[in-house]
Amino acid sequence: MVTEGIQKSQKKDQFEGVDFLDLDDLLTEEHQLIRASMRDFVKQEISPYIEDWAQRAHFPEEIVKKFGDVGAFGPQIPEEYGGGGLDYIAYGLIMQEIERGDSGMRSTASVQGSLVMYPIYKFGSEEQRKKYLPKLASGEMLGCFGLTEPDHGSNPSGMTTNFKDMGDHYLLNGAKMWISNSPKADIAVVWAKNEEGRIHGLIVERGMEGFSTPETHNKWSLRASCTGELVFDNVKVPKENLLPGKSGLGAPMMCLDSARFGIAWGAIGAAMDCYDSARRYAAERIQFDKPIGAFQLTQKKLAEMLTEITKAQLLAWKVGKMMNEGKAKTVHISMAKRNNVEMALHIAREARQIHGGMGITGEYPMMRHMMNLESVITYEGTHDIHLLILGNEITGIPAFK
């Protein structure tokens, strides 16, 4: 059911996909069925409403249960915990299709699957897995991931959020910022230092005294996604809510690898949406007695867009194959995330130019994608930090220390 007051677009979503090199040959029949199912979902549940949601900075809470019903939450988590039991290429394709609809919608889904469900599955106790994962998978619960702080973004090891052992519970203090899903989240996976300075993950539940989630307003980006803070003022966290499986900064970094992989695929979806719109518009818009697609500079733009999308598809597929084989490293994921988001942002800008003045309106998706991608190119490792991660791999010299 659509929230009252939401305007439904009358413009039909005609997107069919972009596959110049017949890359579907690299996908299984199951992969293609999953992609088709998610594409249909986006056309029915996101495309007709997304421009209005974004214009009004409205997060559609009803989409959470719908994402759960269609299997968008934790598709790579085993079925016994409510996940889809799918491989990483299937996960990537799901993120691609959702972000083709909107980056904010993909953020909602990828945070839930890679930053909340993944650490509970990977580092949690069996009791924690059974308590939280099925409800997160179904959309009955929404989660968020607390790592970034007001003064510690690219340097998460400097975090000041901390907890003390009080005997029968932990006492948590501090704050996190720029947290997707936080204003509506039922639980937060929070990373904090113990008294020895070691980073651990804790599950904090809404309703715990001293825990609040102020919403971030006046965003120009990810306007259909809810963003906020996590504030901990002497929050009593039960000891059974500590993730026992892994501590240290490597634990949240593993979660971010999974999420960044999804972003590498998601950005392709945003780029394909902009390219598809530009290709159609170039065939329909008449200037100087012929379609603008007849002009060399328009053809140059479209040819370069298609080439860059195809290269990004191959990069994402290869890293997905490496993920499935357990061979992918942080540096591989950094390359894919950095390249594909930059590619998508450039294509959004070029597609906007092809649309001329119409490109700045909500009649077409480019400006929304462009504004969203300005966040995507910064979050979960900034564009420059991913460059330095690769530089460190090449030279053996860490430039960010």
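Residues numbered from 1 in each chain as written. Predicted model: local features only at pLDDT ≥ 70, side-chain atom pairs only at ≥ 80, totals over all residues. Heavy atoms only, no water.

**Structural notes on the pattern of salt bridges**
- Tallied over the entire structure, the rule returns 23 salt bridges.
- D102 is the salt-bridge partner of R368, the closest N and O atoms lying 2.8 Å from each other. You can see R368 sitting in helix 10 (residues 366–376) and its partner D102 sitting in the loop between helix 4 (88–101) and helix 5 (103–123), a full 266 residues away along the chain. Accessibility classification places R368 together with D102 in one group, the buried group.
- The shortest N-O distance in the salt bridge between E126 and R129 comes to 2.8 Å. Of the two residues, E126 and R129 both sit in helix 6 (residues 126–138), three residues apart, roughly one turn of that helix.
- Salt bridges linked by common partners bring D13, R100 and D273 together as one network. (Salt bridge = Lys/Arg side-chain N within 4 Å of Asp/Glu carboxyl O. Helix = DSSP H or I, 4+ residues; strand = E, 2+ residues; numbered from the N terminus. Buried < 20%, exposed > 50% of the residue type's maximum accessible area, 1.4 Å probe, protein only.)

**Examining the environment of L147**
- Among the structural elements, L147 can be located in the loop between strand 1 (143–146) and strand 2 (162–165).
- Separated by 41 residues in the primary sequence, L147 and A188 have C-alpha atoms spaced 10 Å apart.
- Aside from chain neighbours lying at most four places away, what touches L147 is P156, M159, K176, I179, W191, P252, M253 and L256. (Contact = heavy atoms within 4.5 Å.)

**Considering the domain arrangement of the protein**
- The domain boundaries assigned to the protein delineate domain 1 (23–138), domain 2 (143–247) and domain 3 (250–395).
- The C-alpha-based centres of domain 1 and domain 2 are spaced at 23 Å.
- Contacts between the two partners involve 29 residues from domain 1 and, on the opposite side, 23 residues from domain 2.
- In total, about 2000 Å² of surface goes out of reach between domain 1 and domain 2, with carbon and sulfur atoms giving 65% of it.
- The salt bridge involving E61 is made with K184; its shortest N-O contact spans 3.2 Å. (Domains from an automatic or database assignment. Buried area = accessible area lost by both parts, 1.4 Å probe.)

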